[in-house]
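# Residue-level structural notes
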Amino acid sequence: MNGHRIILASQSPRRKQLLEWAEIPFEIMVQSTAETYPPEMPIPEVPVHIAREKAIAIRQKYESLHDTTNIIIAADTVVVLGNTIIGKPKDREDALDILSRLSGNKHQVITGVVLLKGQQEIAFSDTTDVWFHPLTQEQIAFYVDKYQPYDKAGAYAIQEWIGVVGIKSIQGDFYNVMGLPVSRVVTELNKLL
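The following refers to the structure shown. (Residues numbered from 1 in each chain as written. Predicted model: local features only at pLDDT ≥ 70, side-chain atom pairs only at ≥ 80, totals over all residues. Heavy atoms only, no water.)

### Some thoughts on helix H4 (residues 137–147)
Taken residue by residue, H4 has Ile-140, Ala-141, Tyr-143 and Val-144 as its buried positions. Around the axis of H4, the buried residues are gathered within 160° of arc, so they sit on the same side. Turned more than 90 degrees away from the buried face of H4 sit Glu-138 and Lys-146, all of them exposed. Buried residues belonging to H4 abut helix H3 (92–102) and helix H5 (161–166). At the C-terminal side of H4, Gln-148 shows a positive phi close to 45°. (Buried < 20%, exposed > 50% of the residue type's maximum accessible area, 1.4 Å probe, protein only. Helix = DSSP H or I, 4+ residues; strand = E, 2+ residues; numbered from the N terminus. Arc of directions from axis to C-beta. Contact = heavy atoms within 4.5 Å.)

Given below as structure tokens:
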């Protein structure tokens, strides 16, 4: 885009798909990071902190990315129930437990996004409220066993079966729940081009 090289610092197939839908030319580069945060950090700041760590890790690994013709996009999504961050499930039992807790309740999905271009940084988060219908244990087990949601914060993907049958309503950006508030990303990206 206008001579800029855009790098997505994520191996998430959902983020990749959303940027493709927005028709943004990009390439993917990933560097593993700890995805940790200070325990006293306010929850809304956590995904931005983790996204920043991902973006910085890519910039440090590839010296050429310090050039201002490169823009790095990094994101992290957390699911919050009450005042607790729910991460990716460790195993089947954890996934069943997470979805049982989300069943019949409202939770929040917060995606933090960081864009780096040289020394410029744009950082923001987007929050979407999600309400689940009460789910039966059979529905939860069916979803976990068929869709194996072990790589997903909150143990589900809104665009899969459980989102179609289990979600009562959402308030906010649907695509944020998929992992990237893509319209906001495009708006912020245009400020750097």
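Past the structure itself, the notes keep going.
### Focus on the packing of aromatic side chains
Within the structure shown, the criterion is met by five aromatic pairs. Look at Trp-21 and Tyr-175: their rings are 6.3 Å apart centre to centre, the planes differ by 80°, and that puts the pair in the edge-to-face class. One end of the pair, Trp-21, is in helix H1 (residues 13–21); the other, Tyr-175, is in helix H6 (residues 174–178), with 154 residues separating them in the sequence. Ring geometry for Phe-142 versus Trp-161: centroids 4.8 Å apart, planes at 70°, classification edge-to-face. Here Phe-142, found in helix H4, pairs with Trp-161, found in helix H5; they are 19 residues apart in sequence, far enough to count as distant. On the basis of relative accessible area, Phe-142 is assigned to the partly exposed category, the value being 35%. Positioned over the ring face of Phe-124 is Arg-184, at 4.0 Å from the centre of the ring. (Phe/Tyr/Trp six-rings, centres within 6.5 Å; stacked < 30°, edge-to-face > 60°. Lys NZ or Arg CZ within 6 Å of the ring centre and 35° of its normal.)

Structural measurements only, silent on function.
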